[in-house]
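Coordinates in review
If you want the building blocks of each chain, they are given just below.
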Amino acid sequence: PMTRFLKRVERFGRVAAVAPNRYYMPEAIGRLAELARDLAADAPFTAMTYKDVSGIGRNLTIEVLEHLDAMRITRRVGDALPCFSAQYARLPCLRR
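Everything numeric here is computed off the predicted structure, so don't read it as measured data.

**Regarding the packing of helix α2 (residues 26-39) against helix α3 (residues 47-54)**
One way to put it is that α2 packs onto α3 with a least axis distance of 11 Å and a crossing angle of 120°. Here α2 lies oblique to α3, going by the angle between them. For the pair α2 and α3, the crossing hand works out as right-handed. The segment α2 lies against α3, with L32, L35, A36 and L39 engaging T49, Y50, V53 and S54. Of the residues assigned to the contact of α2 with α3, the class counts are 6 nonpolar, 2 polar and no charged.

**Some details on α2**
With 14 residues, α2 extends 20 Å from end C-alpha to end C-alpha; this agrees with the ideal 20 Å at 1.5 Å per step. Taken together, the buried positions of α2 are occupied by A28, I29, G30, L32, A33, L35, A36 and R37.

What counts, and where the lines are drawn
- Residues numbered from 1 in each chain as written.
- Predicted model: local features only at pLDDT ≥ 70, side-chain atom pairs only at ≥ 80, totals over all residues.
- Heavy atoms only, no water.
- Axes fitted to C-alpha atoms, helices over the stretch in contact; angles between N-to-C directions.
- Helix = DSSP H or I, 4+ residues; strand = E, 2+ residues; numbered from the N terminus.
- Parallel < 35°, antiparallel > 145°, perpendicular 65-115°, else oblique.
- Left-handed = near helix turned anticlockwise from the far one by under 90°.
- Contact = heavy atoms within 4.5 Å.
- Nonpolar A, V, L, I, M, F, W, Y, C, P; charged D, E, K, R; others polar.
- Expected span 1.5 Å × (residues − 1).
- Buried < 20%, exposed > 50% of the residue type's maximum accessible area, 1.4 Å probe, protein only.

What follows is the structure in structure tokens.
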């Protein structure tokens, strides 16, 4: 019941499905993307670094980073180094 409601709300852009059972408000996704941008300012970062800085669990970290990859906000380099693509800094949620 709740999942069906969230999927309907997602169609209107009010939430974003990060995983089949995890939904975030767009503002939260923006903050998570900003964190990726800040971490990648100097060099690519690992999922473990993102987990430690964000304070979210390991499984959720992977789901969030995969979602950011799908949005083309991050891009995996090699096996474990997602890095922020500066061309997406123009997104409203990522402007400073």
